[in-house]
Amino acid sequence: MEINVHDILLLKSMEQIQYVTPAPQWLFEEAQAKNLCVVRRMKTMDDIIPIGFRGNNRSKRYASFTTRQNIEKIIKPVDVLASEPPASHAKTISVLKYILRQQQWGIGGSVGFTMATSILTCHKASDVDVILYKKSLQELDALQSVYEEIKELGEEIDVQVEIDRVGSVSLEEYLMNDEFLIKSATGPQLQCKQK
């Protein structure tokens, strides 16, 4: 079973969590944290998975680890597209499905979490976190028209591109600048476009 950053995990047990720092009380009380977490970007070894829990607001975030054996279910950002979007974002997601119809993509962040779990963790002003999947950096150059269509919507939409064996790049940052940041499993790396 392949596990990647942004995947939402349903855990078998909260007892098989490796707590790096003392766990906050909300971790055991709030619905969105109960056995539900998101895979973080971090280099690990063997069957250890870096995860993060979310509470009912942005100030409630908790990073920890679990084992592959503790995972009951994996919900990938692409799987989320089959779920009902929250009413606050339904129109935006409908238009995105049309714009991105030829892309491999999914939804992350609070909107994706809401769609995946049916637990309302987003609000009307929440960004829509779009995750595109590509095999190489060079493929991003062909996304200029897609980027422009998304910008024309006038909505808060953040497009991150996950590139195989490289990391994540902001589509806007890549297209608009000569330098761009790659978020990799070993940390951020500033890279220049090749002329």
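Given the structure is predicted, the values throughout are model-derived calculations rather than measurements. (Residues numbered from 1 in each chain as written. Predicted model: local features only at pLDDT ≥ 70, side-chain atom pairs only at ≥ 80, totals over all residues. Heavy atoms only, no water.)

Peer 1: With reference to specific residues and values, describe the pattern of salt bridges.
Peer 2: Opposite charge on two side chains lets them pair, provided their charged atoms get close. Overall, the coordinates contain 6 salt bridges when judged by the stated rule. Glu-162 is the salt-bridge partner of Arg-41, the closest N and O atoms lying 2.6 Å from each other. Note that Arg-41 is positioned in the loop between β3 (36-39) and β4 (48-54) and Glu-162 in strand β9 (residues 157-163), a separation of 121 residues in sequence. Take Arg-41: its relative accessible area is 26%, and that puts it in the partly exposed class. Here Glu-172 ties to Lys-151 by a salt bridge, and the two come within 3.6 Å at their closest N and O atoms. Taken as a pair, Glu-172 in helix α5 (residues 171-176) and Lys-151 in helix α4 (residues 144-152) lie far apart in primary sequence, 21 residues in all. Using a relative accessible area of 38% as the deciding quantity, one classes Glu-172 as partly exposed. (Salt bridge = Lys/Arg side-chain N within 4 Å of Asp/Glu carboxyl O. Helix = DSSP H or I, 4+ residues; strand = E, 2+ residues; numbered from the N terminus. Buried < 20%, exposed > 50% of the residue type's maximum accessible area, 1.4 Å probe, protein only.)

Peer 1: Residue-level account of the pairing of strand β12 (residues 187-192), with values.
Peer 2: Where strand β11 (residues 179-184) and β12 come together, 6 bridges link them in antiparallel fashion. Within β12, the residue paired with Leu-181 across the bridge is Leu-190. Hairpin connection, β11 to β12: the antiparallel pair is bridged by 2 residues. (Pairing = 2+ DSSP bridges.)

Peer 1: How would you summarise α4 if you had to cite specific residues and measurements?
Peer 2: For α4, the complete set of buried residues consists of Val-146, Tyr-147 and Ile-150. Each buried residue of α4 sits inside an arc of 100° when the element is viewed along its axis, so together they form one side. Next to the buried residues of α4 lie α2 (90-99), β9 and α5. In the stretch just after α4, Gly-154 is the one whose phi turns positive, near 70°. (Arc of directions from axis to C-beta. Contact = heavy atoms within 4.5 Å.)

Peer 1: Which residues make up the packing of aromatic side chains, and what are the values?
Peer 2: As enumerated under the stated definition, the model contains 3 aromatic pairs in all. When the centroid spacing of 6.4 Å and the interplanar angle of 55° are considered together, the rings of Tyr-19 and Phe-28 count as tilted. Relative accessible area serves as the criterion here: at 34%, Tyr-19 is assigned to the partly exposed category. Judged by centre distance (4.9 Å) and plane angle (70°), the rings of Tyr-174 and Phe-180 are edge-to-face. We classify Tyr-174 as buried; its relative accessible area is 6%. Phe-180 sits in the buried class, given a relative accessible area of 2%. Members of the aromatic cluster, connected to one another through ring pairs, are Tyr-19, Phe-28 and Tyr-62. Of note, Arg-54 hangs over the ring of Phe-113, and the distance from its end group to the ring centre comes to 5.2 Å. Sitting above the plane of the Tyr-98 ring, Arg-101 keeps its charged end 4.0 Å from the centroid. (Phe/Tyr/Trp six-rings, centres within 6.5 Å; stacked < 30°, edge-to-face > 60°. Lys NZ or Arg CZ within 6 Å of the ring centre and 35° of its normal.)

Peer 1: Outline unusual backbone geometry, supporting the account with residue identities and numerical values.
Peer 2: At Ser-118, a residue that is not glycine, the phi angle is positive and equals roughly 65°. According to the relative accessible area criterion, Ser-118 is exposed, its value standing at 69%. Notably, Arg-165 is not glycine yet its phi reads approximately 60°, a positive angle. Counting through the fold element by element, Arg-165 comes out in the loop between β9 and β10 (167-170). Since its relative accessible area comes to 82%, Arg-165 is described here as exposed.

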